[in-house]
Amino acid sequence: MSVRRPNFVFVMSDDHAAHAISAYGSRINETPNLDRIADGGMRFDACFCTNSICTPSRAALLTGTYNHVNGVTTLDTHMDNRLDTYPKRMQSAGYQTAVFGKWHLGHGPEHDPTGFDRWRVLPGQGHYHNPVMLEPRADGRGHDVVERAGYVTDLITDDSIEWLDQRDPDRPFALMVHHKAPHRTWEPARRHFAMYDGDDIPEPDTFWDDHDTRADVVKAIRMSMMDLDPVVDLKATVPDGLTDDEEIRWRYQRYIKDYLRVIAAIDESVGRLLDWLDDHGLADDTVVVYTSDQGFFLGDHGWFDKRMMYEESLAMPFLVRYPAMVDAGTTCDEMILNVDVAPTFLELAGVDVPDEVQGRSFVPLLAGETPADWQQSMYYRYWMHRDGAHDVPAHYGVRTKTHKLIGYYNDPLGQEGARGPADPPEWELYDLVADPAELHNVIGDRANLGIVRELRGELRRLQDEVGDDPHTAAEGVLDSLLAAE
Ligand SMILES: [Ca+2]
């Protein structure tokens, strides 16, 4: 018996936090077309990235490996395009493959996209309006630069639909739609300029978090509303005569409205793709995914940006519609990771998963069954110590269903794009049951030493499992803390 192989439409945006999607209960916007995917399929409520930043998360998604294995640890370490990826495997297995939009894994002969029949991507971060794009030269040597007129989200969608229209209908396809939006600097399409004008977008509950109990290096990061640039981020002059609190509130409104306006164009784009599948009778046979390379702080804890291991940044939205397997309108709270996506897609496509892949297929979860040995914890590592933009410290940690232990080892370790000097290591502990908003670091509470010991063991187990090394000085600090028990 031959089983019909599914098509794939994988839509990934850049920095779109789940709490700005109405299917996830957003208090600040409506995303009717993203909600169509959730309504017709499964919403994952515990999808996490293993390193909350663009380039590394994209490499983890494509390869199914952690960043110390694929070598893409920071924004400045570009992916070697000889690495094994799921699009390559699908292409070899007869799939038609394409990627349009943001690549952000490097350019040139060693980094341009490979494994795709067709690609047209933005250079680096790319531009929102009238962007240039790169596509392979006809002679197969290097890329050409193409000048485009229009809005980036629309152009990526146009290219995607044009490719779908000209595909071979007798072979399955895997289309990757990689939006630049809603990445900083949040420039909306002209048609959305006035959206939310006159509205007062609610501030998140943790907007005035005072960070009182956090590690010193966390208190020093530059992600506050006051760190937004009035010209490029807020596109306005700060009004005279505001108090400090009033200015922070004014900045939040400027920031969040543009963020939500660019998401409105993504939602329209997804609507066009879903309509195309409906119009061509392909909705039942196509795996549609909406996700983002990581989460984002939407004023949560007073911040914007990502990189940190806190929930808003760690969590990725992940919506899957595949009527042949996935029940409509379902949710899943089991933990899945960005490294799990490649093996999942390969299994759905009936393609062998390479031995090097570290993630695990979550096809059973899609089918409504949780394996008895499903993962109950996850390993995280952000390498880009004191990155030039936000001064985020290098850290690693473990998240379970109930707790999070974070070790700020605070050391650049010679990683490209990381900067010195090293700072003294610090640790944080959060009780996700008692304090889901992660407002109170309780590492200093002696009553928690038992749970710290347990989590430390789990962290070591995960590091051993994925083949990463503990940081000696940071572990020494934790040893001292535990010795006080
Ligand atoms: Ca990103």
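Residues numbered from 1 in each chain as written. Predicted model: local features only at pLDDT ≥ 70, side-chain atom pairs only at ≥ 80, totals over all residues. Heavy atoms only, no water.

## Quick look at the side chain of glutamate 311
As for its position among the elements, glutamate 311 is in helix α8 (residues 311-314). For glutamate 311, a relative accessible area of 18% translates into the label buried. For glutamate 311, the residues in contact, after removing those within four places along its chain, are Phe48, Arg399, Lys404, Pro436 and Glu438. (Helix = DSSP H or I, 4+ residues; strand = E, 2+ residues; numbered from the N terminus. Buried < 20%, exposed > 50% of the residue type's maximum accessible area, 1.4 Å probe, protein only. Contact = heavy atoms within 4.5 Å.)

## Section: the coordination of the calcium ion
Here the calcium ion is held by the protein donor atoms Asp14 (OD), Asp15 (OD), Cys54 (SG), Asp293 (OD), Asp293 (OD) and Gln294 (OE1), which lie 2.1 to 2.7 Å from it. Along the chain, the residues donating to the calcium ion fall in the pattern D-D-x38-C-x238-D-Q. Judged by relative accessible area, glutamine 294 falls into the buried class, the value being 0%. (Donors = N, O, S within 2.8 Å, 3.2 Å for Na, K, Ca; no water.)

## Considering the sheet that holds strand β14 (residues 395-400)
Read from one edge to the other, the open sheet built from four strands follows the order β13-β14-β15-β16, with strand pairing classed as antiparallel. Each edge of the open sheet is held by one strand with a lone partner, namely β13 (377-382) and β16 (426-431). Across the sheet, the mean angle separating the axes of adjacent strands is 10° when strand polarity is ignored. Relative to strand β15 (residues 403-408), β14 runs antiparallel, the two sharing four bridges. Counterpart to valine 398 in the pairing with β15 is leucine 405. (Pairing = 2+ DSSP bridges. Axes fitted to C-alpha atoms, helices over the stretch in contact; angles between N-to-C directions.)

## Considerations on helix α7 (residues 244-279)
Over its 36 residues, α7 extends 53 Å from the first C-alpha to the last, a length consistent with the 52 Å expected when each residue adds 1.5 Å. With respect to burial, α7 is a largely interior element, 26 of its 36 residues being buried. Positioned one or two residues after α7, glycine 281 has a phi angle of 65°, which is positive. (Expected span 1.5 Å × (residues − 1).)

## Side note on empty space enclosed by the protein
Summed over the entire model, instances satisfying the criterion amount to three cavities of 30 Å³ or more. What the largest cavity holds in volume is close to 50 Å³. Sorting the residues of the lining of the largest cavity by element identifies α3 (67-70) and β13 as the ones contributing at least two each. Among the residues making up the lining of the largest cavity, the classes are represented as three nonpolar, four polar and one charged. In this structure, the second largest cavity is lined by Phe10, Met12, Arg58, Leu61, Leu62, Tyr86, Met176 and His178. For the lining of the second largest cavity, the secondary structure elements donating two or more residues are β1 (7-13), α2 (54-63) and β8 (173-178). Examining the composition of the lining of the second largest cavity, we find that three residues originate from one element, α2, more than from any other. (1 Å grid on protein atoms, 1.4 Å probe; cavity = no way out; pocket = protein on both sides within 12 Å on 5 of 7 lines; lining within 4 Å. Points joined across faces, edges and corners; volume = space filled by probe spheres on them. Nonpolar A, V, L, I, M, F, W, Y, C, P; charged D, E, K, R; others polar.)

## Regarding the pattern of salt bridges
Inspection of the entire model under this criterion finds 42 salt bridges. When the shortest N-O distance is used, the salt bridge between aspartate 84 and arginine 89 registers 2.5 Å. Its relative accessible area of 25% is what places aspartate 84 among the partly exposed residues. A salt bridge links arginine 171 to aspartate 168, with the nearest nitrogen and oxygen atoms 3.5 Å apart. Aspartate 168 sits in the partly exposed class, given a relative accessible area of 30%. (Salt bridge = Lys/Arg side-chain N within 4 Å of Asp/Glu carboxyl O.)

## Remarks on the layout of surface pockets
In this structure, the largest pocket encloses a volume near 770 Å³. Taken together, 31 residues form the lining of the largest pocket, with Ala18, His19, Asp300, Glu311 and Glu312 sitting closest to its centre. Residue assignment for the lining of the largest pocket shows that the elements contributing at least two residues are β3 (47-48) and α8. Within this model, the second largest pocket holds a volume of roughly 270 Å³. Tyr66, Gln358, Gln375, Leu462 and Glu465 are the residues nearest the centre of the second largest pocket, which is lined by 17 residues in total. Among the elements of the structure, β13 and α11 (449-466) are those that each provide at least two residues to the lining of the second largest pocket. No other element matches α11, which puts four residues into the lining of the second largest pocket. Each residue belonging to the lining of the second largest pocket can be placed in one class, and the counts come to eight nonpolar, five polar and four charged.

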